[in-house]
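A structural walkthrough
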Amino acid sequence: MAKPPLSTNELTEIIVGIHRLARNLWWTWNQEAQEIFHELSPRCWQNLYHSAVAVLREVSDYELRVRLQDHDFAERVREVLRAFDAYLNDRNTWGRQNAQVLQKSPVAYFSAEFGFHETLPIAAGGLGILAGDHAKSASDLDLGFVGISLFYREGYFQQTINPDNWQTELYTLLNPRNLPIEPVLDAKGEPLVCVVEVAMSQVYFQAWRVNVGRCPVYLLDSNRPENEQRYRDLTLRVYGGDSTTRIMQEILLGVGGVRLLRELGVQPSVFHMNEGHAAFLTLELIREKLASGKSFAEASASTKAECIFTTHTPVEAGHDRFSSDLVSYALIKMQGLLKLTLPELMALGQVEVGSETEPLCMTVLALKLSRAANGVSELHGQVSRSMWQSLFPGKSVDQVPIGHITNGIHLLGWMKGPVRRHWKRRLGPDWENDVNSHEFWARMADPEFISDEEIWALRFRLRRELIEFSRRRLLLQGQRLTQGDFIAFDQLLNPDALTIGFARRFATYKRAPLIFQQFENIAKLVADRQRPVQFVYAGKAHPRDDEGKRFIQHIIHLSKHTELKGYLVFIDNYDVHVARQMVSGCDVWLNNPRRPLEASGTSGQKTGCHGCLNLSILDGWWREGYDGTNGFAIGADSHPDSVEEQDRLDSEDLYRVLTEEVIPCFYARDAQGIPRRWIAKIRRAMITLVPQYNTWRMVQDYTQKYYLTR
Ligand SMILES: *Cc1c(COP(=O)(O)O)cnc(C)c1O
C-alpha cells in the first residue's frame, strides 16, 4: 500500500523547519542534519564548502516539496527537526539548575574572533576556535550567554602558495546571503543602526545575528552607507591593517558591543573579555555610570565588579599596545565623555602610572578593570602571574590575582562522522547526552565493550579518509608542481604508515620545522620500508610574519625536492575543515612549541576521541593531560633559559622519543597484526583526556568560578 502524500500544510511546516535549521549552527554539530543538506545538493554542499544556507538557495522550495514526497527522506528530516526542537525547548538543563540568574542577565562574551565552522571564516586561529566552542557549549548547557564580535566581510585570508613556495594571501568577499547569519532589524524592519565615536567621527554600524543553538552571537559591521569609506572598511579583515585600524576595530568591538546590547535590551550580569582586544568595553561601562551621576571612582569600581578577563598568551606581540598619540587621536571623544585628561586615560592601561612613554596596553586595561582574571592552563596561570606582578605592588607572585581554567574543545563539533556513527549504532540515538562525562569514556577500558580489533579498524578508516582527502587537496594544489616534479597523487602517502600530523598557525614560537633539524635522521626513518613514517603539515602564517612564511617555504621545499618527497605533504589553506580531517586521521599529533609560550593549545584535544595520540612538549594543557600512559612527552617539565639550548634539546629529545618509543610501539604487532600496546594507549587517552579537555567542563568551570561569584 502506498502511503498517502504529505499535505500542503505538512510540507510547509517541514520546509519552514529546514530553513530555520539552516540558520542555526546547531546543525554543525548534528550528523544527521548535515547528511540532509548534503543529500539535497551534493555538488553545492561541496562547492560552497558545506553551507546549509547556500544549499537552500540552490534547491528551490518547489524541489523541496517534490522531494519530501519521498517518505523515507521526509521522515529523516522530521526526525532531525524534532531533535532540533527538543534541544531548543529542553528545560531540564544544567544552566537552569545551576545558573538560573544568568537566564535573565546573561554573560556577554566579547571576542575579536569566533571560529564556528568553515562557512564563516572569521577566525585567525585557536583563540577564535576556542570562542566558538565556548559559545556552543554555553548553548548545550543552556547558559544565559550572548557573544559579541565583528563581521569581517573579507574574513581571514585564503592561503595560496606561489611557485617560490611562498605564502600569498587571497581575500574574497563573503556573501552574507550564503552564510548562517541574519541582519538585526529595528521595529520598522530596517537594519538596526548604532553609533560609536571614533576619532572626530561618528561611525555607524549594524549587526548580524548568528544563532549558535540557543545562544545569539552578534557580529558588528561598520560597512554602512552613512560612513566614509575608511570607516566602512574598518571591519574588512580580521586583525587587518595597522595599529590605527586595530585600535578603531577595538573601539567598535568594545564600545559598540555594549551599545548594541543596550539597544537590544540585554542587561548582562557579567562582561567576559576573551583576550584584551575587547577591553574598551570597560570605558563604555564607566561612561554609562558617569552619565547616571556616579563619580569616576564609583563608576570604575562598579565596572570592575561586572567584568572578568581571560588572557591567552605570554607572547609579547599578542598584547596590543597603543601610543598616547594614537589613543588621543582615536579616543578623543571618549576621553571627553569620561572627563579624563590624556595622562589619566593612558594610566588606565599603564603599569607605571603617569609614565610619559609607556603605551596603553589592552591587557593592563583589562586586568585593572576586572574583578577576576585567568590564564588558560596551570602553567600559563603561573607565567601570567609573574608577567603582571608589577601591576600588583606588594603582592608576591603567588598572590597575584590571576587564576587559570584550562581550555577545552566542543567535543561533538569536532567528532568525525565515522566515530559518531559508531557510537550511535552502539548506544542508540541518545548516545550524545553524556558524551562529555567520565563514565562514558571509562568504558573504553573494557575490551568486552570495544575490542582492540574494532579500535584498530576505526583507526584505519580514519587514516584512509585523511589520506584520500590529502590526495584530493594536493591534486587541486597541484598546479604549483613543475612538470619534472610531478608526483602521482594517488601514490602520495601510504595508508598503512604511521602518520604524524602538525597543523596550527605558523607563529614562530610553535617551531613548525623543528623535527627537520634532524633531516638526515628523518630521511632514514621515512625510507624504512619495514616501519614507514610520514608527515602531514598545514598552517597559515600571519600576513606580516615573514619568518613564519619562511618556515612554510622550507617545509614545502623539503616535501618537493628532497628524500622526503611523497612522505611529507603540506596541505594549504588550513582551516576548520582541514583541521577536522587531520586531528582524526593522524596517528600522532605533534606539538613542539617553545615552552612556556603555548598558553594552552587546543588542537591536541581534538584528537583523543579519534584515537590519535599526542606527542608534545610539556607545555599548556599537555603538561596537565599527560600521565605517562596516554601519549608521549617531549622534554622535561622545565626548560632552559637559552632559546638556542631549548631548541637543540627539544629537537634531540623529539627524535629520541620518536625512535625509541613511538615507532617501536606503533609497529609492535602480534600474530593478528594488532599493536596491543599502542591500542592500550589509545584507550588511556580516551579515558583520561576526552572527558576532561572539553568545553562542557570548561564552561562549567567559568560559570562556577567566575560568572556566578561576585
Ligand atoms: C584547533 C585549531 C587551532 C588551534 O590549534 P593549536 O595547536 O592549539 O594552536 C587553530 N586553527 C584551527 C583551524 C583549529 O581548528
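Preceding this paragraph is the structure being described.
A quick note: this is a predicted structure, and the numbers were derived from the prediction, not measured. (Residues numbered from 1 in each chain as written. Predicted model: local features only at pLDDT ≥ 70, side-chain atom pairs only at ≥ 80, totals over all residues. Heavy atoms only, no water.)

Comments concerning helix H1 (residues 8-22)
Put simply, the test is: Secondary structure elements are taken from DSSP: a helix is a run of H or I of four residues or more, a strand is a run of E of two residues or more, and numbering for both begins at the N terminus. Given the number of residues in a helix, its expected span is that number minus one, multiplied by 1.5 Å. Each residue is assigned to one of three classes by its accessible area relative to the maximum for its type, calculated with a 1.4 Å probe on protein chains only: buried under 20%, partly exposed between the two thresholds, exposed over 50%. Here, the arc refers to the directions that run from the helix axis to the C-beta atoms. Residue contacts follow a heavy-atom distance rule, with two residues in contact if any of their heavy atoms lie within 4.5 Å.
Here H1 is 15 residues long and its end C-alpha atoms lie 21 Å apart, about the 21 Å a rise of 1.5 Å per residue gives. Among the residues of H1, those classed as buried are Leu11, Ile14, Ile15, Gly17, Ile18, Leu21 and Ala22. Along the axis of H1, the buried positions cluster into a sector of 160 degrees, meaning they face one direction only. Within H1, the exposed residues directed more than 90 degrees away from the buried face are Thr8, Asn9, Glu13 and Val16. Buried residues along H1 sit in contact with helix H2 (31-40), helix H4 (52-58), helix H5 (61-67) and helix H6 (71-89).

Let's talk about the packing of helix H12 (residues 281-291) against helix H13 (residues 296-306)
As a reminder, the rule being used: For helices, the axis comes from a line fit to the C-alpha atoms of the stretch in contact; other axes are also lines fit to C-alpha atoms, and the angle between any two N-to-C directions lies between 0 and 180 degrees. Our angle categories are set so that under 35 degrees counts as roughly parallel, over 145 as roughly antiparallel, 65 to 115 as roughly perpendicular, and the remainder as oblique. Note on convention: the crossing is left-handed when the near helix lies turned anticlockwise from the far helix by less than a right angle, right-handed when the turn is clockwise. When residues are grouped by polarity, Ala, Val, Leu, Ile, Met, Phe, Trp, Tyr, Cys and Pro land in nonpolar, Asp, Glu, Lys and Arg in charged, and all others, Gly among them, in polar.
Two elements in contact, H12 and H13, have axes separated by 9 Å at closest approach and are oriented at 130 degrees. Here H13 runs oblique to H12, going by the angle between their axes. As for the relative orientation of H12 and H13, their crossing is right-handed in sense. Residues Thr282, Leu285, Ile286, Lys289 and Leu290 of H12 form the contact with H13, whose participating residues are Phe296, Ala299, Ser300, Ser302, Thr303 and Glu306. Taken together, the residues of the contact of H12 with H13 sort by class into five nonpolar, four polar and two charged.

Description of helix H27 (residues 643-667)
Filter applied, for reference: Here the bend at each residue means the angle between axes fitted to two seven-residue stretches, the one ending at that residue and the one beginning there. A 3.5 Å cut-off defines polar contacts: any pair of N or O atoms within that distance qualifies, except that in protein one atom must be a possible hydrogen donor and the other a possible acceptor, and neighbouring residues in sequence count only when both atoms are side-chain atoms.
Between its first and last C-alpha atoms H27 spans 34 Å; for 25 residues at 1.5 Å apiece the expected length is 36 Å, and the two agree. Along its length, H27 reaches its greatest deviation from straightness, about 40 degrees, at Leu658. Structurally, the start of H27 carries an N-cap: the backbone nitrogen of Glu644 is 3.4 Å from a side-chain oxygen of Ser642.

Notes on the packing of aromatic side chains
Condition: Put simply, two rings from Phe, Tyr or Trp (the six-membered ring, in Trp's case) pair if the centres are within 6.5 Å, and we call them stacked under 30 degrees between planes, edge-to-face over 60, tilted for the rest. We call a charge positioned over a ring when the NZ of a Lys or the CZ of an Arg lies within 6 Å of the ring centre and within 35 degrees of the ring normal.
Scanning all chains against the criterion turns up 31 aromatic pairs. Measuring from ring centre to ring centre gives 5.6 Å for Trp423 and Trp441, while their planes differ by 80 degrees; the resulting arrangement is edge-to-face. Of this pair, Trp423 sits in helix H20 (residues 417-427) while Trp441 is found in helix H21 (residues 438-442), placing the two residues 18 residues apart along the sequence. A residue is classified by how much of its surface remains accessible, and Trp423, at 3% relative accessible area, is buried. Judged by relative accessible area, Trp441 falls into the buried class, the value being 0%. Three or more aromatic residues joined by ring pairs make a cluster, and in this case those are Trp456, Phe460, Phe632, Phe666, Tyr667 and Trp678. Above the face of the Tyr171 ring, Arg237 is positioned so that its terminal group lies 3.4 Å from the ring centre.

Concerning the sheet that holds strand S17 (residues 568-571)
Quick reminder of the rule: At least two bridges found by DSSP between two strands is the condition for calling them paired.
Pairing in this open sheet of six strands is parallel, and the strands run S17-S16-S15-S18-S19-S20 from one edge to the other. Single-partner strands in this sheet number two, and they are S17 and strand S20 (632-634). If you compare each strand with its neighbour and ignore which way they point, the axes differ by 20 degrees on average. Direction of pairing for strand S16 (residues 533-538) relative to S17: parallel, over a ladder of four bridges. Looking at the pairing, Phe535 lines up with Leu568 of S17. Together, strand S15 (498-503), S16, strand S18 (588-591), strand S19 (613-617) and S20 form the strand contacts of H27, whose direction differs from that of S20 by roughly 165 degrees. Sheet strands in contact with helix H28 (residues 676-688) are S15, S18, S19 and S20, and its direction is about 80 degrees off that of S19.

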